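# A look at the structure
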Amino acid sequence: MSDHAKLSYAGKDYDLPVIEGTEKEIAVDISKLRADTGLITIDPGFKNTGSTKSAITFLNGEEGILRYRGYSIEELAEKSSFLEVSYLLIYGELPTKPQLEHFQNEITTHTLVHEDIKKILDGFPSNAHPMGVLSSLVCSLTAFYPESLDPNRSAKEVDLSIIRILSKMPTFAAWAFKNQIGHPVNYPDNELDYDSNFLKMMFALPAEKYKVNPVVAKALDTLLILHADHEQNCSTSTVRVVGSSQASLYASISAGINALWGPLHGGANQAVLEMLEQIEKDGGDTSKFIAKAKDKNDPFRLMGFGHRVYKNFDPRAKIIKKAADDVLDQLGVDDPLLNIAKELEAIALKDEYFVEKKLYPNVDFYSGIIYRAMGIPTEMFTVMFALGRLPGWIAQWKEMRENNEPIGRPRQVYTGENLRSYVDVNKR
Ligand code: CMC
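Just so we're clear, the structure is a prediction, and the values are computed from it rather than from any experiment. (Residues numbered from 1 in each chain as written. Predicted model: local features only at pLDDT ≥ 70, side-chain atom pairs only at ≥ 80, totals over all residues. Heavy atoms only, no water.)

### A closer look at the overall build of the chain
Looking only at helices and strands, the chain has 18 helices and six strands in total. Along the three orthogonal principal directions, the C-alpha set of the chain runs to about 80 × 65 × 55 Å. For the chain, the exposed surface amounts to about 21,900 Å²; the carbon and sulfur share of it is 52%. Distance between charge centroids for the chain: 4 Å, based on 48 positive and 58 negative side chains. (Helix = DSSP H or I, 4+ residues; strand = E, 2+ residues; numbered from the N terminus. Areas by Shrake-Rupley, 256 points an atom, 1.4 Å probe, with all protein chains shown as cover. Lys, Arg positive; Asp, Glu negative; His and termini not counted. Charge placed at Lys NZ, Arg CZ, Asp CG, Glu CD.)

### So, the sheet that holds strand S2 (residues 12-20)
Across the sheet, which stays open at both edges, the three strands sit in the order S1-S2-S3 with antiparallel pairing between neighbours. Because the sheet does not close on itself, it has two edges, and the strands there are strand S1 (4-9) and strand S3 (26-28). Between one strand axis and the next, the sheet turns by 30° as a mean value, whatever way the strands run. For S2 and S3, the ladder comprises three bridges, and the chain directions are antiparallel. Paired with Ile 19 across the strands is Ala 27, a residue of S3. (Pairing = 2+ DSSP bridges. Axes fitted to C-alpha atoms, helices over the stretch in contact; angles between N-to-C directions.)

### Side note on the packing of aromatic side chains
Scanning the entire structure with this criterion turns up 12 aromatic pairs. Relative to Phe 103, the ring of Tyr 87 lies with its centre 5.3 Å away and its plane at 85°, an arrangement referred to as edge-to-face. A residue pair is termed long-range when its members are at least 10 positions apart, and Tyr 87 in helix H3 (residues 82-91) and Phe 103 in helix H4 (residues 97-109) qualify at 16 residues. Residue class for Phe 103 comes out buried when judged on its relative accessible area of 4%. (Phe/Tyr/Trp six-rings, centres within 6.5 Å; stacked < 30°, edge-to-face > 60°. Buried < 20%, exposed > 50% of the residue type's maximum accessible area, 1.4 Å probe, protein only.)

### Looking at the pattern of salt bridges
Scanning the entire structure with this criterion turns up 20 salt bridges. In this structure, Glu 405 engages Arg 240 in a salt bridge whose closest nitrogen and oxygen atoms are separated by 2.8 Å. Of this pair, Glu 405 sits in the segment after helix H18 (381-402) while Arg 240 sits in helix H10 (residues 234-244); the two residues are 165 residues apart in sequence, bridging distant segments of the chain. Just as Glu 405 is buried, Arg 240 falls in that class too. Beyond isolated ion pairs, a larger network of salt bridges with shared partners links Arg 240, Glu 399 and Glu 405. (Salt bridge = Lys/Arg side-chain N within 4 Å of Asp/Glu carboxyl O.)

### Focus: helix H11 (residues 249-260)
With 12 residues, H11 should cover 16 Å at 1.5 Å per step; its first-to-last C-alpha distance of 16 Å lies within 8% of that length. Along H11, the positions that sit buried rather than exposed are Leu 249, Tyr 250, Ser 252, Ile 253, Ser 254, Ala 255, Gly 256, Ile 257, Ala 259 and Leu 260. On the buried face of H11, the contacting elements are helix H6 (130-144), helix H7 (155-181), H10 and H18. (Expected span 1.5 Å × (residues − 1). Contact = heavy atoms within 4.5 Å.)

### Re the site of the ligand
Around the ligand, the surrounding shell holds 21 residues, and the nearest of these are His 265, Arg 301, Leu 302, Arg 308 and Lys 357. Take Lys 296: an N or O atom from its side chain is 2.9 Å from an oxygen atom of the ligand. In the environment of the ligand, a nitrogen atom lies 2.9 Å from a nitrogen or oxygen atom belonging to the backbone of Phe 305. Relative to its free-state accessible area of 930 Å², the ligand is covered by the protein chains to the extent of 78%. Class assignment of the residues belonging to the shell around the ligand gives a composition of 10 nonpolar, five polar and six charged. (Near = heavy atom within 4 Å. Polar contact = N/O pair within 3.5 Å; in protein donor to acceptor, adjacent residues only side chain to side chain. Nonpolar A, V, L, I, M, F, W, Y, C, P; charged D, E, K, R; others polar.)

Below you can see the structure in the form of structure tokens.
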């Protein structure tokens, strides 16, 4: 491989260094381009632009590969736990048994949130979307732990901020749901593991002896692992860019939650289920909706299909499809929406439009069906994604800080008016 690329511009040749990652992916380093040539690059949506070097997640969209810190997503989903994966992403290695026990213990002992945060929650109308509530509560941590505002503190202090948000996020997520249904909140139960505690806070009714269904807890843990990181996607890039201004961890994560909310990103899982319900209500004619998705004059898109980087298959979707079958089977749920989803997938995978554009089911196509079987309402789906993505956001924020990356500040090509003189308001 050549370690330089050549650029010819205005009669001059420039050598641009080519760098190579550990999985042989190659990039032209243009960090000195403007200084040397006066040129900038333009790449809407950053389709060809690497914003950083990162050692956290490897993704090969052509071959459908996803690895966290070198471990395949398939192996982690089968053998690991969400907290173990969280440790791996944040600290770089799988924890030893004592390290994992310590980590689990730390997370369990910080689940309670300041009682005044409940007052903030009480201020939200009950129809508030839980993603807005979640991002607000996460940002409110800056007020309760003002020392966290400085990201340049010692590693030990930063670790405490990390433990706090990992512990409190399930509490916030469950409380956002309780607010929406107008029920009193449940407090964390430190006798329970991470998943069981979350499910109890979500579903236990006052004075009820809530029993966690192990099938549901296991399915939840797998879904969280599958969502835990996905390199430089929209929300993760947001977390890194916000954090690059030296804003706090909590402010950066809160921004990431808002970026995740949109239907083209994490909000797709909610949009998929709404689409499946719409198809069912309409009589279940899947081919009609495939035709709509292909029609350039119709804004309808097949939600849960297509991905910026996966152009073969999304390895997470494969695992989730199987999990959806298993979970519904074990819970004895017969969901007609699962059949509609499978029918849509089967048609799309054979359809020239989808094949040619390399559009395959993504992680969000089947996840909503499992969440629905678990009793989680549609508007909470993206909150579940955020819960899973949290360790990835933390790991990426921490890496960006430790590498002392410069403030994120893209350039632009200006297309507005040239200099003109001000005209008095009475003369316009
Ligand atoms: N249904 C119909 N056509 C589609 C779809 C779809 N779901 N996705 C892409 N296309 C077409 C699109 O119209 C375009 O056609 P053309 O080249 O003729 O203009 C072509 O495929 C390329 O699409 P694009 O929007 O330019 O591709 P992108 O990389 O900018 O967008 C995407 C990727 C995921 C935003 C897009 O595929 C999409 O909107 N999918 C539906 C929403 C969705 O499921 N999002 C979740 C992504 S996975 C979770 C996550 O990590 O965020």
